[in-house]
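Architecture and fold: a report
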Amino acid sequence: MEMMNVWDVARKQLANVAEKMNLESWIYNKLRECKRSLIVSIPIRMDSGDVSVFEGYRVQHNLDRGPAKGGIRIHPQVNLDEVKALSMWMSWKCAVVNIPYGGAKGGICCDPSKLSLKELEHLVRRYTSEIGIIIGPEKDIPAPDVNTNAQIMAWVMDTYSMNVGYSAPSVVTGKPVSIGGSAGRPEATGRGIAIIVDKLLEKISQNIENTRIIVQGFGNVGGVFCDIISKAGAKIIGVSDVSGGLYNKKGINIEALKKYVAETGFIKGFKGCDAVSNDELLELECDILVPAALENQITNKNASKIKAKFIVEGANGPTTPPADEILQDKGIVVVPDILANAGGVTVSYFEWVQNLQSLFWSYEQINNTLLKIMMKAFDEVWAIKEEKKYPTRLAAYVLAVGRVAEAVRLRGIYP
Ligand code: NAD
């Protein structure tokens, strides 16, 4: 499979929109770089007594609209270019939904499945300490991403708090509710994607009950999305995770699959479905394909074989620019990551606001406010798409980059 460097992908997407918008060259030149990139080494005493050293990163792309925001990923493929791309995408994502943040991302190059719980805790705590010089409630607020969860966010919060000498819940989002987390945060990204799917179906006057969906990835994003959208009446006919894929044209029982995954860790071996490979899964016929695993999944190698009518990007960067062009020629509408998966950062923003005020909102208030923000962002993107006859990604980029550029223009160049 063609593996594009994701930083090149992110920059190419910016170059495309800058040209369409006639963006001033000084703003373009500023936005094609990241403001700050920190590389840290993380020595950990392993259970064996030996010391292993891992590499970690925290990158802040742009802070003109507010403090930096972005998840922490722990994965063996993490590298500086990937983190830079993800941080740039965070700047656009926060701007699409118009929340007052800049973009950031963090990562540790490590396979967490090879660590004991104690080793993982040490890894996260030492990483947090090392990046402590650039994070903080008013500077940069991390959150969960691939292979990181609420427990890990609790360790980030505790480590930062120990270092500053007081409890600082607003330094990180995606925490457990009992230490300042927000109601609704664990499912926010999946819920946001479901809202986008609803809006899309409304546009084409299609009933949710007649909608067949395939989802790549069954983690925090893909798993939750399957749960919410199947309860709303859609049929999940295909799903995959790192262990492989499942297909059942009559619809997969998501409740039972969730139980199975809770017991075994993976979807592989779940009864009543055909086993398919991850590559095959993406090429099966369906109404909506939701890639919700990693980058670089829909490329110029498989884009021409995709039979979905719509692609809604749950993952960040699953489609390469050459694949985008092929999909466009085929008439497949792609709702881009920066809009489709923005529900997570939106509820993270609510969590931060609640922490700063020490005043908590109800689950209902969270979900209603998320719904309003996602629907407004969708409508704004769709209006640009229709007016300019742009593909959805370009329309979302025009909105997002336009908002960031406006902030850069107003603030000017220091000194
Ligand atoms: P996760 O670790 O909870 O889940 C990842 C899932 O992808 C797992 O089921 C894993 O088995 C599967 N997977 C990994 N490699 C795969 C492969 N080659 N083929 C098929 N499946 C594979 O991570 P997550 O938080 O669900 O994140 C998934 C994507 O969504 C990432 O791109 C992430 O950046 C993006 N995202 C996450 C959030 C969030 O709030 N967690 C928000 C916005 C975007």
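Okay, so let's go over this structure. Per chain, residue numbering runs from 1 following the sequence as it is written. For a predicted model such as this one, the threshold for reporting local features is a pLDDT of at least 70, and the threshold for listing and counting side-chain atom pairs is 80 or more; totals across whole chains, interfaces and linings nevertheless cover every residue. Remark: hydrogens and water are excluded; side-chain values derive from all non-hydrogen atoms of the structure.

On to the overall build of the protein. Each helix is a run of DSSP H or I of at least 4 residues and each strand a run of E of at least 2, with the numbering of both proceeding from the N terminus. Helix and strand counts for the protein come out as 14 helices and 12 strands. Computed over the C-alpha atoms, the radius of gyration of the protein is 20 Å, within 12% of the 22 Å expected from 2.2 N^0.38 for a compact globule of 415 residues. Along the first, second and third principal axes, the C-alpha set of the protein runs to 55 × 55 × 45 Å. With a 1.4 Å probe rolled over the protein chains alone, any residue whose accessible area is under 20% of its type maximum counts as buried; one over 50% counts as exposed, and the rest are partly exposed. Counting all 415 residues of the protein, 59% fall into the buried class. In the protein, of all internal contacts separated by at least 6 residues, the share reaching a separation of at least 24 is 69%. Method for areas: the Shrake-Rupley scheme with a 1.4 Å probe, in which residue coverage is limited to the protein chains shown. Per element, the accessible surface of the protein, about 17200 Å² overall, is 51% carbon and sulfur. Considering the protein, the positive charge centre built from 48 side chains and the negative charge centre built from 46 side chains are found 2 Å apart. The reference for a compact globule is 2.2 Å times residues^0.38; the radius of gyration itself is calculated from the C-alpha atoms. The contact definition used throughout considers only heavy atoms, calling two residues in contact when any of these lie within 4.5 Å. His residues and chain termini do not enter the charge count, which takes Lys and Arg as positive and Asp and Glu as negative. Charge coordinates come from a single atom per side chain, which is NZ of Lys, CZ of Arg, CG of Asp or CD of Glu.

On to the sheet that holds strand S1 (residues 36-45), then. When DSSP finds at least two bridges between two strands, those strands are taken to pair. Taking strand neighbours across the sheet as the criterion, the five strands line up as S1-S2-S4-S3-S5 in an open arrangement whose pairing is mixed. Edge positions in the open sheet fall to S1 and strand S5 (140-144), since each of these has one partner strand only. Sheet twist, expressed as the mean angle between neighbouring strand axes with direction ignored, is 25°. Alignment of strand S3 (residues 68-75) against S5, held across five bridges, turns out to be parallel. Of the residues in S5, the one forming a bridge with Ile72 is Pro144. Angles run from 0 to 180 degrees between N-to-C directions of axes, and those axes are lines fitted to C-alpha atoms, restricted for helices to the stretch in contact. In the packing of helix H4 (residues 117-131) onto the sheet, the strands contacted are S1, strand S2 (51-62), S3 and strand S4 (102-109), and the crossing angle to S1 comes to about 145°.

Moving on, we come to the site of the ligand. Lining the immediate environment of the ligand, one finds 25 residues, of which Asp145, Thr189, Asn220, Val221 and Asn316 sit closest. With respect to the ligand, the backbone of Val221 contributes an N or O atom lying 2.9 Å from an oxygen atom. One of the side-chain N or O atoms of Asn278 is found 2.9 Å from a nitrogen atom in the ligand. Of all elements in the fold, only helix H7 (220-231) and strand S7 (235-241) reach the threshold of two or more residues within the shell around the ligand. Gly is placed with the polar residues, together with every amino acid not listed as nonpolar (Ala, Val, Leu, Ile, Met, Phe, Trp, Tyr, Cys and Pro) or charged (Asp, Glu, Lys and Arg). Here the shell around the ligand is composed, by residue class, of nine nonpolar, 11 polar and five charged. Note on definitions. A residue lies near a molecule or strand when any single heavy atom of the residue is within 4 Å of it. Distance and chemistry together define a polar contact, namely a pair of N or O atoms within 3.5 Å, with one atom able to donate a hydrogen and the other to accept it when in protein, and with adjacent residues in sequence counting only for side-chain atoms on both sides.

Within the open sheet, the seven strands sit side by side as S9-S8-S7-S6-S10-S11-S12. Their pairing is mixed. With one partner strand each, in any of the chains shown, strand S9 (274-276) and strand S12 (333-335) form the two edges of the open sheet. Ignoring which end each strand starts from, the neighbouring axes of this sheet average 20° apart. For S7 and strand S8 (residues 244-247), the ladder comprises four bridges, and the chain directions are antiparallel. In the strand pairing of S8, Asp241 is matched with Gly244.

Think of an α-helix as turning once every 3.6 residues; residues three or four places apart then point the same way. Helix span, expected: 1.5 Å multiplied by one less than the number of residues in the helix. Between its terminal C-alpha atoms helix H12 (residues 343-357) stretches 21 Å, which fits the 21 Å expected from 15 residues at 1.5 Å a residue. Most of H12 is tucked away: 13 of the 15 residues are buried. The first or second residue beyond H12 is Ser358, which carries a positive phi of 50°.

Put simply, helix H1 (residues 6-21) and helix H3 (residues 80-96) touch, their axes get as near as 7 Å, and they point 30° apart. The angle between H1 and H3 falls in the class roughly parallel. Contacts between H1 and H3 pair Val6, Trp7, Val9, Ala10, Arg11, Gln13 and Leu14 from the former with Asp81, Glu82, Lys84, Ala85, Met88, Trp89 and Trp92 from the latter. A class-by-class count of the residues in the contact of H1 with H3 yields nine nonpolar, one polar and four charged. Reported orientations rely on four angle classes, namely roughly parallel under 35 degrees, roughly antiparallel over 145, roughly perpendicular from 65 to 115, and oblique for the rest.

The turn linking S7 back onto S8 is made up of two residues. Note that S8 and S9 share three bridges and pair antiparallel. In the sheet register, Leu246 faces S9, and the bridge partner there is Ala275.

The next thing to look at is the nonpolar core. Of all hydrophobic cores here, the largest spans 96 residues; its most connected members are Trp89, Trp92, Val239 and Val312. Top contributing element to this core by residue count: helix H14 (residues 392-411), with 11 residues. Those residues within four positions of Trp92 in sequence are excluded, and the remaining contacts are Leu14, Leu31, His61, Ile338, Tyr397, Ala400, Val401 and Val404. In plain words, nonpolar cores are sets of buried Ala, Val, Leu, Ile, Met, Phe, Trp, Tyr and Cys residues tied together by side-chain atoms within 4.5 Å. Listed in part, the 27 residues of the second largest apolar core include Leu38, Ile108, Ile131 and Ala168.

With that out of the way, let us pick up the pairing of S7. When you tally the buried positions in S7, you get six out of seven residues, the bulk of the element. Sheet topology places strand S6 (residues 212-216) next to S7; five bridges connect them, and they run parallel. When the bridges of S7 are listed, Ile214 appears paired with Gly238. By the criterion used throughout, a crossover qualifies as right-handed when its path from the first strand across the helix to the second strand runs clockwise, the strands pointing away from the viewer. At this point the chain moves from S6, through H7, to the parallel S7, and the crossover so formed is right-handed.

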